[in-house]
Structure formats: C-alpha cells, structure tokens
Amino acid sequence: MESLRVLRAERATAMRARVAVMARVKTLLVTAPESIRVKYREMTSPALMAALEKTRPAGAPSGPLTSTATALKRLAVRYRHLHQELALIDAELDAILNLHAPMLRDLQGVGTDVASQLLVTVGDNPERVTTEAKFAALVGVAPIPASSGKTTRHRLSRGGDLQANKAIHRVVLVRMRYDSRTRSCVARRRQEGKSTKEIMRCLKRYVAREIYEQHLHPQPAPDCGSLRTVRITKHLTLQQAADALRVWPTTLSRLERGLSHDNNFHHRYETWLDRQSPTTQATSRG
C-alpha cells in the first residue's frame, strides 16, 4: 500500500504538470503572431504537441516570432517527457497490481488508476472493510435518507474517502457509456422518473458492492481470446457478428482483444457463436 501511495503521489504531480504545460501552450498560441496561430488552429492537442516539438525556430532570440516558437517547442518537449514519465509510473503501478490484486481490474471500468486508489484506501482503513456497508460508507456511497414531506429520497454520504469516491464515480461514468447492463439500468430508472443524479447514486452503490466482493472473493473475467478463435474457426467475419448482435465492429474487436470487459455481452456473444451451425454460416455468406 505504501508503494502505491508513493507512486500515486508522484503521478498526481506529473499529471498536474502536464495539464499546466498544455494550458500554457494554448495561452501562448492565443497571443502568438498570426503566422504561428494559423499553422496550429485546427489541430487536436496530441497533434499540436507533436507538431510543435518538430519545429526548428530560427532567427534572432529578441524577435517575438522566434522567441514564441522557441518557447512553444520547449513546452512541447516538456510535455512529451511528462507523458513518458506517466507511462513509466503506470507500468510500475501495473506491476504492483498484478502481484497483489491481479483480478481487481477485471471489473468493468476499473483501470490502473482506480484500482490503485481503492487499494490505498483499503490499506489505510482495514478496520472499515469488514462488512459491505462499512466499505460503502468508507468510499462515500452509503445512501443517507433525505426525505421531505411526501417526497421519499436518499442522498449520498458526504463523508468517507474523497479520492476513493472519485474513483467510484469514474467507474460509473465508464459503465454508463460502455456497459450494456448499466445502460439498461439507466434507461429503466429514467422511465421510473429518477434524475441522473439519483441514478448515479444507485449505480455507485452497486459498483461498491461489486468491488467489495471482488476484493474478498476475486473472480477472473471471462477469457475473451477464445471468442475470436471460435469466430474464425466458424468462418465468420467480425462484420457478420457485429450485424447479428447489432453492435459496432469495434465493440466486438475490443471485447475479443480484452480491451473492454462486459460479462453480460460476453455471454451473449458466446451464446450466439455456439448457435452458429455450418448451415447458418453458409446462409449468412449467401
């Protein structure tokens, strides 16, 4: 836990520095000469930093054009160094997680940053993870009654570890966008008349429950590599599978490569593959 804490402190510093560098580049471009602004006006942030790093400013340092171009180049180089430093820190965090909690990141939406923060929180408060309710209170997702008059409602606890609560919030945001089960839950709750804030409160509690169970009884994610093997063996293209399941081909590709985790969709895809007989395949190709 202490190793994770130290690395996360270093990572937070590097993240703030990288954000500051990007903000300074955008500020300098606003006041830069028109000949410089016009070159980078339509570029995205990654493309902008890469292009600035490749420049070769020439001329007298006292000239506004040269000094601005030189400053932008140096900031771009600094940005790349910080990006590389963050990648190195993430690799070290991954090594620790693979050693001590390899299955925590098998949960949908739980990445290196979220998993490391949750482990730090658990390590700092071992007496508060003896029950699921205590863990929910620790990460600030325990529902608190907030009814008034004829309105019956709950709100989230304002106590607990703020950084752990932020990690849970990130998991919910990822699931609301990419997890089919969560999207169905959100749609159902909206039909019940609940607001987005109330829906996210419920989802945070569900996520905390899953994380707690995974912490006590780790369960590996389904093997996604076998999906691609079965699909190729049955001579099915990625586009055919995507059309049948009514999803984008990139969604299936990410699932097959293990870049995304969705147990429900994994089971649905696996069931569909098992039902594909040689006759079905010939029909689909025809």
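Predicted, not measured: the structure shown is a model, and the values here were computed from it.

1. Some details on helix α4 (residues 64–100)
Between its first and last C-alpha atoms α4 spans 54 Å; for 37 residues at 1.5 Å apiece the expected length is 54 Å, and the two agree. Those residues of α4 that fall on the buried side of the exposure criterion are Thr66, Thr68, Leu72, Leu75, Ala76, Tyr79, Leu82, Leu86, Ile89, Leu93 and Leu97.

2. Things to note about empty space enclosed by the protein
Any empty space left between the atoms is revealed when a probe the size of a water molecule rolls over them. On inspection of all chains with the given rule, the structure shows one cavity of 30 Å³ or more. If you add up the space inside the largest cavity, you get close to 50 Å³. Contributing to the lining of the largest cavity are Leu104, Leu118, Leu119, Val122, Phe135, Ile211 and His215. Elements represented by at least two residues in the lining of the largest cavity include exactly α5 (112–124) and α9 (196–216). Take the lining of the largest cavity: its biggest share by element is three residues, from α5. A class-by-class count of the residues in the lining of the largest cavity yields six nonpolar, one polar and no charged.

3. Focus on the confidence of the model for the chain
Averaged over the chain, the pLDDT score is 85; the fraction of residues at 70 or greater is 92%. Ranking the helices and strands of the chain by mean pLDDT puts helix α1 (residues 2–31) first, with 94, and helix α14 (residues 278–285) last, with 50. Low pLDDT, under 50, characterises residues 281–286; the stretch is placed with eight contacts to residues that sit more than four places away or in other chains.

The rules behind the values
- Residues numbered from 1 in each chain as written.
- Predicted model: local features only at pLDDT ≥ 70, side-chain atom pairs only at ≥ 80, totals over all residues.
- Heavy atoms only, no water.
- Helix = DSSP H or I, 4+ residues; strand = E, 2+ residues; numbered from the N terminus.
- Expected span 1.5 Å × (residues − 1).
- Buried < 20%, exposed > 50% of the residue type's maximum accessible area, 1.4 Å probe, protein only.
- 1 Å grid on protein atoms, 1.4 Å probe; cavity = no way out; pocket = protein on both sides within 12 Å on 5 of 7 lines; lining within 4 Å.
- Points joined across faces, edges and corners; volume = space filled by probe spheres on them.
- Nonpolar A, V, L, I, M, F, W, Y, C, P; charged D, E, K, R; others polar.
- pLDDT = per-residue confidence, 0-100.
- Contact = heavy atoms within 4.5 Å.

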